[in-house]
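Report on the structure
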Amino acid sequence: THMELRHYFDILRRSWPIVVGLPLLVALLTIALWFVLPGRYGTLVAMLITQQQIATNQADAILPDYNNFNSWAASEYIVDDMLQLVETRRFAQDIVDYVQQQHGVALDVEQVRRGLDAERKHRTVYLTVEANQRDHATWIAQGAVEVLRQRGLEYWNRQDSAQLSVSVLDAPEGASRVGGAIGLALDLAIRTLLALLLAIGVAFLRYYLDTSVRQRDDVEALGLPVVGTIPVAKGAKGRA
């Protein structure tokens, strides 16, 4: 076993430029592309969305207790539909109109739509926003909140009965690059490891395709007896 390990190490040593150079090249290219290629920026909005209670023109009117219950019950349907609503083109168009009005920047509707995603945990909606520029991601997130507040139940065609109450828990104050330093480190480690495995495979393939005689074992593998060996002179460079 010890001899086999020495033999494997010798195979890798003969192809050390490949074993070392390929992973190093991949690592440098990964780092360079991280800074050269345009990145994606994202932000997260956490909000509670409920249906407001039914309004009345009589200030002293006392509504039955089920008014409050029905408001919470109806909110469950709204939160369920919210996950699909944020992925629609209409919702993205309203956000584009809001950004155009507030910041004077015309965004692409389809890119905005693809950059929106939502998930629900109990009654809290988490809206994830991604865009090619940091400011755009923040503006889109702010626009999504304001559009929900302004349009309310218009998306359900129920604006004549009640409105939405949007309570923002985590406001979209800024966007950061998707993945960040942790993403770069993970990507770098995976790519470098794959490159190292490929380089080792190439080194062994190169060895087994090489028909030249380098060691005593190579001669004995041909079925020929080895009478003697000539040592390399001190200071001379042997063939790798």
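So, how was this worked out
Residues numbered from 1 in each chain as written. Predicted model: local features only at pLDDT ≥ 70, side-chain atom pairs only at ≥ 80, totals over all residues. Heavy atoms only, no water. Helix = DSSP H or I, 4+ residues; strand = E, 2+ residues; numbered from the N terminus. Buried < 20%, exposed > 50% of the residue type's maximum accessible area, 1.4 Å probe, protein only. Contact = heavy atoms within 4.5 Å. Areas by Shrake-Rupley, 256 points an atom, 1.4 Å probe, with all protein chains shown as cover. Patch = residues over 30% accessible without salt bridge, like charges linked within 9 Å, V, L, I, M, F, W, Y side chains within 5 Å. Salt bridge = Lys/Arg side-chain N within 4 Å of Asp/Glu carboxyl O. Pairing = 2+ DSSP bridges. Expected span 1.5 Å × (residues − 1). Phe/Tyr/Trp six-rings, centres within 6.5 Å; stacked < 30°, edge-to-face > 60°. Core = buried A, V, L, I, M, F, W, Y, C linked by side-chain atoms within 4.5 Å. Axes fitted to C-alpha atoms, helices over the stretch in contact; angles between N-to-C directions. Parallel < 35°, antiparallel > 145°, perpendicular 65-115°, else oblique. Nonpolar A, V, L, I, M, F, W, Y, C, P; charged D, E, K, R; others polar.

A look at the overall build of the protein
Each helix and strand counted, the protein has 8 helices and 5 strands in total. Across the protein, helices and strands are ordered from the amino to the carboxyl terminus as α-α-β-α-α-α-β-β-α-β-β-α-α. Burial statistics for the protein: of 240 residues in total, 29% are counted as buried. Intrachain contacts of the protein at a sequence separation of at least 6 include 75% that bridge at least 24 residues. Carbon and sulfur atoms make up 57% of the accessible area of the protein, which amounts to about 16,200 Å² in all.

Some points on a nonpolar patch on the surface
A cluster of nonpolar side chains, contributed by Leu-186, Ile-190, Leu-193, Leu-194, Leu-196 and Leu-197, occupies part of the molecular surface with about 570 Å² of accessible area. Position of Leu-193 relative to the elements: it lies in helix 7 (residues 180–209).

Details of the pattern of salt bridges
A complete count under the given rule lists 13 salt bridges for this structure. Asp-80 is paired through a salt bridge with Arg-120; the nearest N and O atoms lie 2.1 Å apart. Taken together, the residues span a long stretch of sequence, with Asp-80 in helix 3 (residues 66–85) and Arg-120 in strand 2 (residues 116–121) at a distance of 40 residues. For Asp-80, a relative accessible area of 37% corresponds to the partly exposed category. Exposure remark for Arg-120: the relative accessible area of 27% places this residue in the partly exposed category. Note that Arg-151 is salt-bridged to Glu-154, the shortest N-O span being 3.5 Å. For Arg-151, a relative accessible area of 30% corresponds to the partly exposed category. Accessibility expressed as a relative area gives 29% for Glu-154, which makes it partly exposed.

Details of the pairing of strand 3 (residues 124–131)
Where strand 1 (residues 41–51) and strand 3 come together, 8 bridges link them in antiparallel fashion. Across the sheet, residue Leu-44 finds its bridge partner in strand 3, namely Thr-128. One ladder, built from 6 bridges, connects strand 2 with strand 3; its direction is antiparallel. Across the sheet, residue Ala-118 finds its bridge partner in strand 3, namely Leu-127. Adjacent in sequence and paired antiparallel, strand 2 and strand 3 are bridged by 2 residues, among which His-122 carries a positive phi angle near 60°.

Some words on helix 6 (residues 134–151)
The terminal C-alpha atoms of helix 6 lie 26 Å apart, and with 18 residues this matches the ideal 26 Å at 1.5 Å per residue to within 8%. Residues His-136, Ala-137, Thr-138, Trp-139, Ile-140, Ala-141, Gly-143, Ala-144, Val-145, Val-147 and Leu-148 constitute the buried set of helix 6. Of the residues flanking the end of helix 6, it is Gly-152, one or two places downstream, whose phi is positive at about 55°.

With respect to the packing of aromatic side chains
Aromatic ring pairs are described here by two measures, namely the spacing of the ring centres and the angle between the planes. Tallied over the full model, the rule gives 3 aromatic pairs. Relative to Tyr-155, the ring of Phe-91 has its centre 5.9 Å away and its plane inclined at 65°; by these criteria the two rings are edge-to-face. One end of the pair, Phe-91, is in helix 4 (residues 89–103); the other, Tyr-155, is in the loop between helix 6 and strand 4 (164–170), with 64 residues separating them in the sequence. Here the two residues Phe-91 and Tyr-155 agree in accessibility, since each one is buried.

Section: the side chain of Thr-138
Locating Thr-138 in the fold gives a position in helix 6. Taking relative accessible area as the criterion, Thr-138 reaches 9% and is therefore assigned buried.

Section: the nonpolar core
One finds Met-47, Phe-91, Ile-95 and Leu-127 to be the most contacted residues of the largest nonpolar core, which totals 38 residues. Of all the secondary structure elements, the ones that give two or more residues to this core are strand 1, helix 3, helix 4, helix 5 (109–114), strand 2, strand 3, helix 6 and strand 4. Here Ile-95 is in contact with Val-112, Leu-116, Ile-140, Gly-143, Ala-144 and Val-147, once residues within four sequence places are set aside.

Digging into the packing of helix 4 against helix 6
Packing of helix 4 against helix 6 leaves a shortest axis separation of 9 Å and a crossing angle of 110°. The angle between the axes of helix 4 and helix 6 places the two elements in the roughly perpendicular class. For the pair helix 4 and helix 6, contact is made by Phe-91, Asp-94, Ile-95, Tyr-98, Val-99 and His-103 and by Trp-139, Ile-140, Gln-142, Gly-143, Ala-144, Glu-146, Val-147, Leu-148, Gln-150 and Arg-151, respectively. Taken together, the residues of the contact of helix 4 with helix 6 sort by class into 9 nonpolar, 4 polar and 3 charged.

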